[in-house]
Amino acid sequence: MDTLPPPRIDLLVHAPSPASYRPVLEQLLEPSQQLSTLLAPQLHARIAALPASNRPKSYAELIDLAKQTVDSWDVEDQAAFLAAHPRIGETKGLSQASAGEQAPQQGQQATPAQVLKRLQVLNSLYEDAFPGLRYITFVNGRSRAEIVPELESLLGLSLPPPSQSFAEPRLSSLREKLRIAPAGSKPWREELARGLGDMWAIAKDRAAKWGAK
């Protein structure tokens, strides 16, 4: 999806229907059913109910109000909303914003194939450990290789650094070491909250890159 210039915030918050919110929210977040059917209409209604002087005056304020809206949902909808973000290390089917965030930054080399393979394994393990969730982190200019130890630490794994000569352990052997957090459990909810927090940080970073703080 191509990134379009954002509408002026003072015009957006007076839009007559949720349809105006959807393309903006999809660029700040990622397209999802929950965004279309829940967030856009609920956020529009919430803002329309505010006095004109109290409506968001910046995209950062709009994102804060969107966060409050999502916080009111049940955890199943929150998890599905979070899972609309692509997995770290994916290379296909990315939105323009996600592709730019995951691409090598200036001075960084292309991601080695062994790092992408390691992330594929770790993403699979993460989704086993936290059923229904997807690992989201605010990359903030870091390379994909720098994310590997962060994700391994979260999963409680200690593996040799990925290299061309290192054979990835079998998924089955790694799964035996995982501590599973059933959906709805305290650790699962804590991880959901962490992922959502990083998702909102990503959204604000995208707004800032628009020059629409």
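Source: prediction; values computed, not measured.

1. Things to note about the packing of helix α3 (residues 33-48) against helix α4 (residues 59-71)
- It is at 10 Å that the axes of α3 and α4 come closest, and there the two elements cross at 115°. Classed by the angle they form, the pair α3 and α4 counts as roughly perpendicular. α4 is crossed by α3, and the crossing has right-handed handedness. Residues Leu 39, Gln 42, Leu 43, Arg 46 and Ile 47 of α3 pack against Leu 62, Leu 65, Ala 66, Gln 68, Thr 69 and Val 70 of α4.

2. Digging into the environment of Leu 62
- Relative to the elements of secondary structure, Leu 62 occurs in helix α4.
- Accessibility expressed as a relative area gives 2% for Leu 62, which makes it buried.
- Remark: the alpha-carbon pair of Leu 62 and Ile 47, spanning 15 residues in sequence, is separated by 9.1 Å.
- Setting aside residues up to four positions removed in sequence, Leu 62 forms contacts with Ile 9, Leu 12, Tyr 21, Leu 43, Ile 47 and Pro 56.

3. As for the layout of surface pockets
- Quantified by volume, the largest pocket comes out at close to 240 Å³.
- Those elements that place two or more of their residues in the lining of the largest pocket are α6 (96-102) and α10 (186-210).
- Its residues placed into classes, the lining of the largest pocket shows seven nonpolar, eight polar and five charged.

4. Observations concerning α3
- End to end, α3 covers 22 Å across 16 residues, agreeing with the expected 22 Å (1.5 Å per residue, within 8%).
- In this structure, the buried residues of α3 make contact with α2 (21-28), α4 and α5 (75-82).

5. Some words on the nonpolar core
- Counting residues in each nonpolar core, the largest one holds 57 residues, and the members touching the most others are Tyr 21, Leu 29, Leu 39, Phe 81 and Leu 155.
- If one sorts the elements of this core by residue count, α10 sits on top with nine residues.
- The contacts of Phe 81, once residues within four sequence positions are left out, are Leu 29, Ser 32, Gln 34, Leu 35, Leu 39, Val 70, Trp 73, Leu 196, Met 199 and Trp 200.

6. Things to note about helix α7 (residues 113-129)
- The terminal C-alpha atoms of α7, which comprises 17 residues, lie 24 Å apart, in line with the 24 Å expected from a rise of 1.5 Å per residue.
- Residues Val 115, Arg 118, Leu 119, Val 121, Leu 122, Asn 123, Leu 125, Tyr 126 and Ala 129 constitute the buried set of α7.

7. Examining the packing of aromatic side chains
- For the coordinates displayed, the defined rule picks out five aromatic pairs.
- With 5.4 Å between their ring centres and 75° between their planes, Trp 73 and Phe 81 make a pair best called edge-to-face. Exposure class is identical for Trp 73 and Phe 81. Each is buried.
- Each member of the aromatic cluster is reached from another via a ring pair, and the members are Trp 73, Phe 81 and Trp 200.

8. Overview of the pattern of salt bridges
- A complete count under the given rule lists twelve salt bridges for this structure.
- Note that Arg 175 is salt-bridged to Asp 128, the shortest N-O span being 2.3 Å. Here Asp 128 lies in helix α7 and Arg 175 lies in helix α9 (residues 171-175), a separation of 47 residues in the sequence.
- Take Arg 175: its relative accessible area is 35%, and that puts it in the partly exposed class.
- Looking at Asp 128, the relative accessible area reads 28%, which means it is partly exposed.
- For Arg 194, the salt bridge identified is with Glu 191, shortest N-O distance 2.7 Å. Here Arg 194 pairs with Glu 191, and both are found in helix α10, just three residues apart, close to one helical turn.
- Assessed through its relative accessible area of 24%, Arg 194 is described here as partly exposed.
- In this structure Glu 191 comes out as buried when scored by relative accessible area, which is 7%.
- One connected set of salt bridges, linked through shared partners, spans Arg 87, Glu 90 and Glu 127.

What counts, and where the lines are drawn
- Residues numbered from 1 in each chain as written.
- Predicted model: local features only at pLDDT ≥ 70, side-chain atom pairs only at ≥ 80, totals over all residues.
- Heavy atoms only, no water.
- Axes fitted to C-alpha atoms, helices over the stretch in contact; angles between N-to-C directions.
- Helix = DSSP H or I, 4+ residues; strand = E, 2+ residues; numbered from the N terminus.
- Parallel < 35°, antiparallel > 145°, perpendicular 65-115°, else oblique.
- Left-handed = near helix turned anticlockwise from the far one by under 90°.
- Contact = heavy atoms within 4.5 Å.
- Buried < 20%, exposed > 50% of the residue type's maximum accessible area, 1.4 Å probe, protein only.
- 1 Å grid on protein atoms, 1.4 Å probe; cavity = no way out; pocket = protein on both sides within 12 Å on 5 of 7 lines; lining within 4 Å.
- Points joined across faces, edges and corners; volume = space filled by probe spheres on them.
- Nonpolar A, V, L, I, M, F, W, Y, C, P; charged D, E, K, R; others polar.
- Expected span 1.5 Å × (residues − 1).
- Core = buried A, V, L, I, M, F, W, Y, C linked by side-chain atoms within 4.5 Å.
- Phe/Tyr/Trp six-rings, centres within 6.5 Å; stacked < 30°, edge-to-face > 60°.
- Salt bridge = Lys/Arg side-chain N within 4 Å of Asp/Glu carboxyl O.

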